[in-house]
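What follows is each chain in one-letter form.
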Amino acid sequence: MKNICELGIVILLCSAMFLLTGLVSKETARRNQCQANLRELYRAEQQYEATYGSLPPLYIAKRPQWLFWHHFVSPMVRDVRSFACPSDPRMSYLFEKSSPLFGGIVALTACYGMNRFMLPAGAKKAGAPEFKLKYLKNPSHTVFLMDSVRPFVTPDLLWKDKRNFRHDGKANYIFADGSVKHLHQNFFGKFEGKKFITDFTRWHWR
């Protein structure tokens, strides 16, 4: 009986380990797909810039519906699922084998946000001759796109909504040089008591 109990415990432990390994593997796959999405959206932004001579507008306020950056780059995106983060529960149905693809719905749902400071006015203030990524002085230091439930993002809004940190408490970011990083909030500043002090040099056009 003792041996049977010990065997049962070993089986349970092995099952738990396999389950945990499977969950970790699934999250790793989702995180990798999310990073691939950001690379594709970055490529689409570059193509838009090459075609129209500048980065797309962050947004255009119009009736009956505002237009955001992803409306403008969507014709350049090769797969509409690039707009959908697989770790965003709102998008999970898209990754089921039987799921139909509703392109319009996907494109209008914000899984990724653009840095709110990526504006022509910011580029002009920094002395850039045109609203193009190549005129950023330190693109590897500047956030461009990221996991977000909003179509554009300021740091204070990003930190407040935990749904943005959907990959093991972290979020995926792509910087203006095309590098993708999986980062914790602390990468962008530090806590002083309960208040988080953001390093805005990683957000402003410089």
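So, here's what we can say about the structure.

Criteria and thresholds
- Residues numbered from 1 in each chain as written.
- Predicted model: local features only at pLDDT ≥ 70, side-chain atom pairs only at ≥ 80, totals over all residues.
- Heavy atoms only, no water.
- Helix = DSSP H or I, 4+ residues; strand = E, 2+ residues; numbered from the N terminus.
- Buried < 20%, exposed > 50% of the residue type's maximum accessible area, 1.4 Å probe, protein only.
- Contact = heavy atoms within 4.5 Å.
- Salt bridge = Lys/Arg side-chain N within 4 Å of Asp/Glu carboxyl O.
- 1 Å grid on protein atoms, 1.4 Å probe; cavity = no way out; pocket = protein on both sides within 12 Å on 5 of 7 lines; lining within 4 Å.
- Points joined across faces, edges and corners; volume = space filled by probe spheres on them.
- Nonpolar A, V, L, I, M, F, W, Y, C, P; charged D, E, K, R; others polar.
- Core = buried A, V, L, I, M, F, W, Y, C linked by side-chain atoms within 4.5 Å.
- Phe/Tyr/Trp six-rings, centres within 6.5 Å; stacked < 30°, edge-to-face > 60°.
- Lys NZ or Arg CZ within 6 Å of the ring centre and 35° of its normal.

### Some details on the overall build of the protein chain
Tallying secondary structure elements over the protein chain gives five helices and nine strands in all. Along the protein chain, helices (α) and strands (β) appear in the sequence α-β-β-α-α-β-α-β-β-α-β-β-β-β when read from the amino end. Scored against the burial criterion, the 206 residues of the protein chain give a buried share of 41%. Nonlocal contacts in the protein chain, meaning residues at least 24 apart in sequence, comprise 65% of its contacts between residues at least 6 apart.

### Looking at the pattern of salt bridges
Counted according to the given criterion, the structure contains nine salt bridges. Linking Glu-130 and Lys-132 is a salt bridge whose minimum nitrogen-to-oxygen distance equals 3.8 Å. Residue class for Glu-130 comes out partly exposed when judged on its relative accessible area of 33%. A salt bridge links Asp-161 to Arg-163, with the shortest nitrogen-to-oxygen separation between them at 2.8 Å. Here the salt bridges do not stand alone but share partners, grouping Glu-40, Arg-43 and Arg-78 into one network.

### Description of the layout of surface pockets
Computed from the structure, the largest pocket encloses a volume of approximately 170 Å³. Every residue along the wall of the largest pocket is listed here: Phe-117, Leu-119, Ala-121, Gly-122, Lys-125, Ala-126, His-204, Trp-205 and Arg-206. Of the residues in the lining of the largest pocket, the class split is five nonpolar, two polar and two charged.

### Digging into the nonpolar core
Ranked by internal contacts, the top residues of the largest apolar core, which has 32 residues, are Trp-69, Tyr-112, Phe-144, Leu-145 and Trp-205. Secondary-structure elements contributing two or more residues to this core are helix 1 (2-52), helix 2 (69-73), strand 3 (112-115) and strand 4 (143-147). Residue contributions to this core peak at six residues, all from helix 1. One finds Met-146, Leu-183, Phe-188 and Trp-203 within the second-largest nonpolar core, a separate group that totals 13 residues.

### Quick word on the environment of Met-118
As for its position among the elements, Met-118 is in the loop between strand 3 and helix 4 (120-125). A residue is classified by how much of its surface remains accessible, and Met-118, at 0% relative accessible area, is buried. Taking the C-alpha atoms as reference points, Met-118 and Leu-55, separated by 63 residues in sequence, lie 8.8 Å from one another. Each residue touching Met-118, except ones within four places of it in the same chain, is listed here: Leu-58, Phe-131, Thr-142, Val-143, Phe-144, Trp-203 and Trp-205.

### Examining the environment of Tyr-173
On the secondary structure map, Tyr-173 appears in strand 6 (residues 171-175). For Tyr-173 and Leu-38, which are 135 residues apart along the polypeptide, the C-alpha to C-alpha distance reads 7.7 Å.

### Things to note about the packing of aromatic side chains
Within this structure, the stated rule accounts for 16 aromatic pairs. Between Trp-66 and Phe-68 the ring centres are 6.2 Å apart and the planes differ by 40°, which places this aromatic pair in the tilted class. Judged by relative accessible area, which is 17%, Phe-68 ranks as buried. Taken together, the aromatic side chains of Trp-159, Phe-165, Tyr-173, Phe-187, Phe-188, Phe-191, Phe-196 and Trp-203 make up a single cluster linked through ring pairs. Geometry around Phe-175 places Lys-181 over its ring, the cationic atom sitting 4.9 Å from the centre.

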